[in-house]
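# Descriptive analysis of the structure
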Amino acid sequence: MRPLSILILSDRRPGHYHLSEGVAAAIARRRPVSVTKIDIQRRSAVPGRLLAVGLRAGLTPAITLRVGYDLPARELPAASVVISAGGETLAANVAASRVLGAVGIFCGTLRHFAPEDFTLVVSSYERHARLPRHLVTLKPSGFDPDTLAARGLRLAPGLPPPVAGLLIGGASGLFRYRDDEWHRLAQFLVDTHATYGTRWIVSTSRRSPALIADRLQAMAGEAAGPIAEMIDFRSAGAGTLPRLFAGVSAVVVTEDSSTMLSEAVCARLPVVGVAPAAHDFKDEEREYRAYLTRERWIASVPMDRLSPAVFVEALSTVRPLEVNHLDRLADALAIRLPGIMGSDA
């Protein structure tokens, strides 16, 4: 079977293009693929709503790409499948799919577009399950948990992890952190190390404030301290989570990022989410967190209650995902898109 050519349109936001990479990786579980990723940016003077109206009114895909994204259609690489995520890529996905005659897959919420503008819409929100052309699933991730199988780091229920991971986000949407909450999180690492001997691999993100990143960086310099490794986004950049997942047997995640939560679940690790006092979720996100909790893939703890004992208790309620999420998604895609999953395209 010849490789299936896939074009990923990226808005440069890791939380978005990682979803696209996850769909591509699931397809690759069933057939060879060749993936090309190009970065795009919608012109600020051309609203996405206007591009949606224009496409419905007959604006050509080539003009949509040029006017909306300063992207000449002739510069698009040949592809049989176009995948993107994030609202800024919606119009580009529709236009590029039409220019190339390709299958168009979008990850997320359609905003001003209709399901019929795409071949398939991958969503994580149960309210979308009845919409046409929608597939509701765990947020996709390109990470293959089978790469962790040989490390023998599976955590026994009720026991504290010898090495745990901490994924730190930051203020976002309805999440606001106080300085004392960040200090409490740092102290939690010290306390779990003193109580259980747990050491930590810590990863920050582009939204993590300097206050916590600097403090953790200083703690990482302590030879006998709680931090075994510090992965500072400011120097390490994106794409480092597999490195963290490979070395830990449980993960704590700040709940401002559903993508970080999902990737930890996909790694088949027990996950504890922590949230500041000042936080809330949009309705769709609340449904998604309820889904993760109902499946017992995560447990949530308020930051002001976080302690070594509460952490271990929360871990005891979690049952990690047992199957490879990529195979799980590939099975669903094979049902919805048999043409690209099982035959030449």
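Use the structure listed above.
The structure presented is a predicted model; accordingly, all values stated were derived computationally and were not measured.

### Considering the overall build of the protein chain
A tally of helices and strands in the protein chain yields 13 helices and twelve strands. On C-alpha atoms alone, the protein chain measures out to a radius of gyration of 21 Å, which is about the 20 Å that the 2.2 N^0.38 rule sets for 345 residues. In terms of overall dimensions, the protein chain has C-alpha extents of about 65 × 45 × 35 Å along its principal axes. The proportion of buried residues among the 345 residues of the protein chain is 52%. Contacts spanning at least 24 positions in sequence make up 69% of the contacts within the protein chain whose residues lie at least 6 apart. Just so you have it, the protein chain exposes about 14700 Å², and 52% of that area is on carbon and sulfur atoms.

### As for a nonpolar patch on the surface
Side chains of Leu 59, Ile 63 and Val 67 sit close together on the surface and give an oily, nonpolar patch of about 180 Å² of accessible area. Examined against the element boundaries, Val 67 turns out to sit in helix H3 (residues 61-69). Judged by relative accessible area, which is 33%, Val 67 ranks as partly exposed.

### What to know about the pairing of strand S12 (residues 298-302)
When strand S11 (residues 271-275) meets S12, the two strands line up parallel, connected through five bridges. Directly across from Gly 273, in S12, lies its bridge partner Ser 300. A crossover connection joins S11 to the parallel S12 through helix H10 (residues 283-294); in handedness this β-α-β unit is right-handed.

### Remarks on the sheet that holds S11
Taken together, six strands build an open sheet; the order of strands is S9-S8-S7-S10-S11-S12 and the sheet is parallel. The two strands at the open ends of the sheet, each matched to only one other strand, are strand S9 (227-231) and S12. For this sheet, the mean inter-axis angle between neighbouring strands, taken without regard to orientation, is 20°. Inspection of the sheet shows strand S7 (residues 163-167) paired to strand S8 (residues 199-203) by five bridges, in the parallel sense. The residue bridging Val 163 from the neighbouring strand is Arg 199, located in S8. Across the sheet, helix H6 (residues 210-220) touches S8 and S9, and the angle it forms with S9 is around 135°.

### Looking at helix H4 (residues 90-100)
H4 sits mainly inside the fold: eight of its eleven residues count as buried. Residues Leu 90, Ala 91, Ala 92, Asn 93, Val 94, Ala 95, Ala 96 and Ser 97 constitute the buried set of H4. Downstream of H4 by one or two residues, Gly 101 has phi in the positive range, about 65°.

Cut-offs used in this document
Residues numbered from 1 in each chain as written. Predicted model: local features only at pLDDT ≥ 70, side-chain atom pairs only at ≥ 80, totals over all residues. Heavy atoms only, no water. Helix = DSSP H or I, 4+ residues; strand = E, 2+ residues; numbered from the N terminus. Rg over C-alpha atoms; globule rule 2.2 N^0.38 Å. Buried < 20%, exposed > 50% of the residue type's maximum accessible area, 1.4 Å probe, protein only. Contact = heavy atoms within 4.5 Å. Areas by Shrake-Rupley, 256 points an atom, 1.4 Å probe, with all protein chains shown as cover. Patch = residues over 30% accessible without salt bridge, like charges linked within 9 Å, V, L, I, M, F, W, Y side chains within 5 Å. Salt bridge = Lys/Arg side-chain N within 4 Å of Asp/Glu carboxyl O. Pairing = 2+ DSSP bridges. Right-handed = clockwise from strand over helix to strand, strands pointing away. Axes fitted to C-alpha atoms, helices over the stretch in contact; angles between N-to-C directions.

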